[in-house]
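Structural overview
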Amino acid sequence: MNFAKLLALVQKPARYLGNELNAVKKPWEKNLVKIAFCFPDLYEVGMSHLGLRILYETVNRRDDALLERVFAPAEDMEKLLREKGYFLFSLENKKPLWEFDLVGFTLQYELSYSNILNMLELGGVEIFAEKRRGWPLVMAGGPGAFNPEPLADFIDFFVLGEGEEVVAEIIEVVKEAKVKGWERNDTLLALAQIPGVYVPKFYRVSYDEAGRLTEFMPLKKDLPVKFTKRIAQGFLSGYSLPSPIVPYLDIVHNRAMVEIMRGCSRGCRFCQAGMIYRPVREKTPELVLAEAEKIMEKTGYEEISLASLSSGDYPYIREVAKKLLDKYQEAGVNISLPSLRIDTFAVDLASELQRVRKATLTFAPEAGTQRMRDIINKGVTEEDLINTVKAAFKAGWQAIKLYFMIGLPYETDEDVAGIIHLAQKVADIGVKEGRVPRGRLKVTVSVSNFVPKPHTPFQWLGIISAEEIKRRQGILEKLAKKDRRLSLKMHDYRTSLLEAALSRADRRIGRVIYRAHKLGAKFDGWQEYFNYELWQKAFLEEGFDLEAYARRSFSLDDRLPWEPFAGGISQRFLKKEYRDAMAGKNTADCREGKCTGCGVCPALEISPVLTGGRKVSEIFA
Amino acid sequence: MKYLLKYSRGGELKYISHLDTMRVFERAFRRANLPMAFSEGFNPHPKFSIALPLALGHESQGELMELTLKQFLPPEEIKERLNSVLPSGFKVLEVKPYLDDKSLMSRVSKVVYRIKINLSNTELLARKEKLLTDKPRIVKNTKRGEKQIDFWQAVEALEVQENGINVVIRVGENSLRPEEVAKIFLGYLPEDIEYIREEIILS
Ligand code: SF4
């Protein structure tokens, strides 16, 4: 293909160059295991993803394998590929997808599922797993693999959990299969022996009318009926250093990312990441500093992000941040911390880090009333929030952003109104404490719609109806309109409904995803492309009602379609959490010293790794 | 201490934008451990500026940049250190102290472009002849309404060469982009045309 010609015709050609600083272009030789890492979204989104960078480094460090990047082409590029009859290609060697041995997708969010089918089609790979012959095998991992069933028709095998170590085991199997010329099925059977790997074609799955799991049966012997996720042991020894590719384009997170810990055990009941990435493992400050230095040497970035699900919880955060700041201040480098918790320590830290006071400070109270925050186990009181924003306004901030959700279980109109009342209290503090000039004060209230996710204590519940979301959004709108200090941002209810339908879906919904793809669905996470009517049609044509499906609830005794893929989280724990939610009872964080029995540690035979001599006592199943 | 850098951009890197180029250099300065000077104020930026943005898709043999360092470094060393960390596609050709008080941007007066066109010499010469007799005026839409630009006022010289033309374009209010020059010259814009900035001429 005439690559230069293609580039001259598209917007942002730098998305497809693949020659960024530190990109690895290996020789395309015969006996190497060739993996295409596919991110089903644009370059700018995919390149901001830490998992891709870690696997890129991990695989390309080997001399018997290569891993190349493939992103969803933007509309203009897709059009050109189709018109000129070219295949979707990898960035490094510009090879079509079908020439790889493994084509792997990362499942970060449900609204990118239609892109997966589109990428397979554009890359010359048969969409349906059962129709494929020979190579490549199509695999998938990431949070979405914890409910793999909706994609079971299209993916040859799924991998649960962290990828760095299991990928090595997969490469070994593929290598042997290629040398010995194994049949596809035999390769898959060998892969199915690897812990954490699920090969859907080896299982018979059925559901009853209500969508309850009635059968989950392996068709070959010695295959598991319950999957334990993988954990990367090397993470704590610095093996998981992310690749420092420096994009030319301005991507979503354009900075050096240094992972400081994995997992979060705060136990917010709506949060899937908090459940599936357990247990907590904290790196030593020495390792964090050494990794930061290595990455900075190779990149020269203007910002270092200390990344984790909840960076303020890392015990050495202040020490590490200060050391980095001292070291790189002269060179104009900023230190940033994603996801700050709500306390004055966070404000202190943010003030220390930010020589520039312009950025907005963001907090996530999630709900407007204490009753609601107790239900979701968000261990934050109104007093915490008040003290925190007081400190923030005193420290000179003039704009604060607050994240909330509506549609949480047992939410009343009072809880909804509580969101605006809380935001108003925050604004009042700005006026009183911060002496912020009237016109400058801004409180952004960002409200998304709660979408229940598998493996959380709310997994049994459906999303509230479209009508109901609209009604509750109406309450917010009416209250916020009167207050010019508030700026209300609400999430589109239709995208939330589709997300809800897909996130708790079962194998039958694969047909719907295929039909939606045929109807032209793609980039569903992007407002400008999302087409709700198209999805409604796809559901209807396959015999489902999208909204009803998204709203379906199960009872605690039902078998859930994603139950075999809990990875180690125990159903008993989730049920206990569900009941505690209803009773408004809080559950502590196991890092405080006492295991709360989520089941992950016993299942994986590990325990949380905490720094500074902290320990969790009596871990039980 | 101020320096003038001359550098080239080629290969696939012609597909990155002006802003992206700024970022490439800022990060390269940091990797090269150059003692960058920063602007004052709320949002400190390293002090460097590029004489004239280069359009996406254009190559260049003679980009100019002004760079301020906190202390003196021998120009040769700056050049070497940068070339060892710049991505292939960018190359620093020359570094020398910049002694002028005026900013680099304000001194840009002309640019020399080589435009590669896949036509025979005779054809190219014929088109030049036609342009010389036609003396076209180009209508441009600006914020203040329509504006007419005299082609030969904007283009100081146009020479036919092997496989293309060399043009000297005046930079300023009534300026033309190389694509506009090519379009007037040919009457249309072929897909395989290439633009190479050869030089930026300062006043
Ligand atoms: S098993 Fe206990 S110690 Fe381990 S993550 Fe779960 S709650 Fe924490």
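Residues numbered from 1 in each chain as written. Chains lettered and ligands numbered in written order. Predicted model: local features only at pLDDT ≥ 70, side-chain atom pairs only at ≥ 80, totals over all residues. Heavy atoms only, no water.

**Some remarks on the overall build of chain B**
On a plain count of helices and strands, chain B comes out with 6 helices and 10 strands. Oriented by its inertia axes, the alpha-carbon framework of chain B measures out at about 55 × 35 × 25 Å. Buried residues in chain B amount to 48% of all 203 residues. Taking the contacts inside chain B whose residues are at least 6 apart along the sequence as the reference set, 71% of them involve residues at least 24 apart. Of the accessible surface of chain B, which amounts to about 10300 Å², a share of 50% is contributed by carbon and sulfur atoms. Across chain B, 32 positive and 29 negative side-chain charges occur, with their mean positions spaced 4 Å apart. (Helix = DSSP H or I, 4+ residues; strand = E, 2+ residues; numbered from the N terminus. Buried < 20%, exposed > 50% of the residue type's maximum accessible area, 1.4 Å probe, protein only. Contact = heavy atoms within 4.5 Å. Areas by Shrake-Rupley, 256 points an atom, 1.4 Å probe, with all protein chains shown as cover. Lys, Arg positive; Asp, Glu negative; His and termini not counted. Charge placed at Lys NZ, Arg CZ, Asp CG, Glu CD.)

**Thoughts on the packing of aromatic side chains**
All names here are of chain A. Across all of its chains, the model carries 32 aromatic pairs over all chains by this definition. Centre to centre, the rings of tyrosine 203 and phenylalanine 216 are 4.9 Å apart; their planes meet at 20°, and the pair counts as stacked. Of this pair, tyrosine 203 sits in strand β7 (residues 203-207) while phenylalanine 216 sits in strand β8 (residues 213-218); the two residues are 13 residues apart in sequence, bridging distant segments of the chain. Each member of the pair, tyrosine 203 as well as phenylalanine 216, is classed as buried. Three or more aromatic residues link up through ring pairs in this structure, and these residues are Phe158, Tyr198, Tyr203, Phe216, Phe227 and Phe565. Taking NZ or CZ as reference, arginine 61 lies 4.3 Å from the ring centre of tyrosine 239, over its face. The ring of tyrosine 549 has arginine 552 sitting right over it, with the charged end atom 4.1 Å from the ring centre. (Phe/Tyr/Trp six-rings, centres within 6.5 Å; stacked < 30°, edge-to-face > 60°. Lys NZ or Arg CZ within 6 Å of the ring centre and 35° of its normal.)

**Some details on the packing of helix α9 (residues 285-299) of chain A against helix α1 (residues 18-31) of chain B**
α1 of chain B packs onto α9 of chain A with a crossing angle of 120° between their chain directions and a minimal axis gap of 7 Å. By the angle between their axes, α9 of chain A is oblique relative to α1 of chain B. Between α9 of chain A and α1 of chain B, the contacting residues are Met296, Glu297, Lys298 and Thr299 of chain A on the first element and Arg27, Arg30 and Arg31 of chain B on the second. For the contact of α9 of chain A with α1 of chain B, a count of residues per class yields 1 nonpolar, 1 polar and 5 charged. (Axes fitted to C-alpha atoms, helices over the stretch in contact; angles between N-to-C directions. Parallel < 35°, antiparallel > 145°, perpendicular 65-115°, else oblique. Nonpolar A, V, L, I, M, F, W, Y, C, P; charged D, E, K, R; others polar.)

**A closer look at the site of the ligand**
Surrounding the ligand, one finds 14 residues, the nearest of these being Cys590, Cys595, Thr596, Cys598 and Cys601 of chain A. Per-class residue counts for the shell around the ligand are 10 nonpolar, 3 polar and 1 charged. (Near = heavy atom within 4 Å.)

**Observations regarding unusual backbone geometry**
All names here are of chain A. Look at the link from tryptophan 135 to proline 136: it is a cis peptide, with omega at -5°. Among the structural elements, proline 136 can be located in the loop between α5 (113-122) and β4 (137-141). Here arginine 278 and proline 279 are connected by a cis peptide whose omega angle stands at -10°. Tracing the backbone through its elements, the reader meets proline 279 in the loop between α8 (272-276) and β11 (281-282).

**A short note on the nonpolar core**
All names here are of chain A. The biggest cluster of nonpolar side chains holds 208 residues, and the ones touching the most others in it are Phe157, Leu306 and Trp535. With 8 residues, helix α14 (residues 413-432) is the single largest residue contributor to this core. The contact partners of tryptophan 535, leaving out residues within four places of it in the chain, are Ser114, Leu498, Leu502, Val512, Ile513, Ala516, Ala521, Asp524, Phe530 and Leu546. (Core = buried A, V, L, I, M, F, W, Y, C linked by side-chain atoms within 4.5 Å.)

**A few points about the pairing of strand β6 (residues 137-142) of chain B**
All names here are of chain B. Summarising the sheet, β6 and strand β7 (residues 145-150) pair through 6 bridges and their orientation is antiparallel. Paired with asparagine 141 across the two strands is glutamate 146, which belongs to β7. Counting the residues in the hairpin turn of β6 and β7 gives 2 residues. (Pairing = 2+ DSSP bridges.)

**Remarks on the domain arrangement of chain A**
Residue and element names in this part refer to chain A. Split into domains, chain A comes out as domain 1 (3-218) and domain 2 (231-356 + 600-621). In this assembly, 27 residues from domain 1 lie in contact with 29 residues from domain 2. For the pair domain 1 and domain 2, the summed buried surface comes to about 2700 Å²; carbon and sulfur atoms form 61% of the total. At the junction of domain 1 and domain 2, the tally comes to 3 salt bridges. Of the charged contacts in the structure, one is a salt bridge between arginine 262 and glutamate 164, with a shortest N-O distance of 2.7 Å. Counting across the domain 1 and domain 2 interface gives 17 residue pairs in polar contact (both at pLDDT 80 or more). Elements supplying a minimum of two residues to the side of domain 1 that touches domain 2: α2 (43-46) and α3 (50-60). (Domains from an automatic or database assignment. Buried area = accessible area lost by both parts, 1.4 Å probe. Salt bridge = Lys/Arg side-chain N within 4 Å of Asp/Glu carboxyl O. Polar contact = N/O pair within 3.5 Å; in protein donor to acceptor, adjacent residues only side chain to side chain.)

**Considerations on the UniProt feature "domain: DUF2344" (unreviewed entry) in chain B**
The positions that UniProt labels "domain: DUF2344" (unreviewed entry) are, in the present scheme, residues 2-170 of chain B. The span residues 2-170 of chain B is 28% helix and 38% strand, and its two end C-alpha atoms sit 26 Å from each other. (UniProt positions renumbered as here; feature names shortened; annotations may be inferred.)

**Considerations on α3 of chain A**
All names here are of chain A. Buried residues dominate α3, accounting for 10 of its 11 residues. Restricting attention to buried positions, one finds in α3 the residues Leu50, Leu52, Arg53, Ile54, Leu55, Tyr56, Glu57, Thr58, Val59 and Asn60. Each element contacted by the buried residues of α3 is listed here: β1 (33-39), α2, β2 (65-71), α6 (166-180), β9 (256-259) and β10 (261-262).

**Observations concerning the sheet that holds strand β12 (residues 303-307) of chain A**
All names here are of chain A. Strand order in the open sheet formed by 3 strands is β9-β12-β13, and the pairing between neighbours is parallel. The open sheet terminates on both sides in strands that have one partner only, identified here as β9 and β13 (334-336). Neighbouring strand axes in the sheet, compared pairwise and without regard to direction, differ in orientation by 25° on average. Looking at chain direction, β9 and β12 are connected through 4 bridges and run parallel. Counted as the bridge partner of alanine 256 is isoleucine 304 from β12. Here α9 sits on the sheet and contacts β9 and β12; the angle it forms with β9, its principal contact strand, is near 160°.

**Side note on the confidence of the model for chain B**
For chain B, mean pLDDT is 93; residues scoring 70 or higher make up 100% of the total. Predicted complex metrics record ipTM = 0.89 and pTM = 0.94. (pLDDT = per-residue confidence, 0-100.)

**So, the sheet that holds β4 of chain A**
All names here are of chain A. Strand order across the open sheet formed by 6 strands is β2-β1-β3-β4-β5-β6, with mixed pairing between neighbours. In the strand order of this sheet, the two ends are held by β2 and β6 (197-198), each with one partner. Bridging between β1 and β2 involves 7 bridges; their strand directions are parallel. Residue pairing in the sheet places phenylalanine 39 in a bridge with phenylalanine 71 of β2. Along the sheet, α5 makes contact with β1, β2, β3 (102-106) and β4, crossing β3 at roughly 160°. Against the sheet, helix α7 (residues 184-192) touches β4, β5 (157-159) and β6, its axis set at about 25° to β4.

**Describing the interface of chain A and chain B**
The interface of chain A with chain B comprises 30 residues on the first partner and 21 residues on the second. Interface of chain A and chain B: buried area, both sides summed, is about 2100 Å²; carbon and sulfur atoms make up 55% of it. Summed over the shared surface of chain A and chain B, the number is 4 salt bridges. Its salt-bridge partner being aspartate 250 of chain A, residue arginine 23 of chain B comes within 3.8 Å of it at the nearest N-O pair. Only α1 (3-8) and α9 of chain A provide two or more residues apiece to the side of chain A that touches chain B. Ranked by residues supplied to the side of chain A that touches chain B, first place goes to α1 of chain A with 5 residues. Its residues assigned to classes, the side of chain A that touches chain B shows 18 nonpolar, 5 polar and 7 charged.

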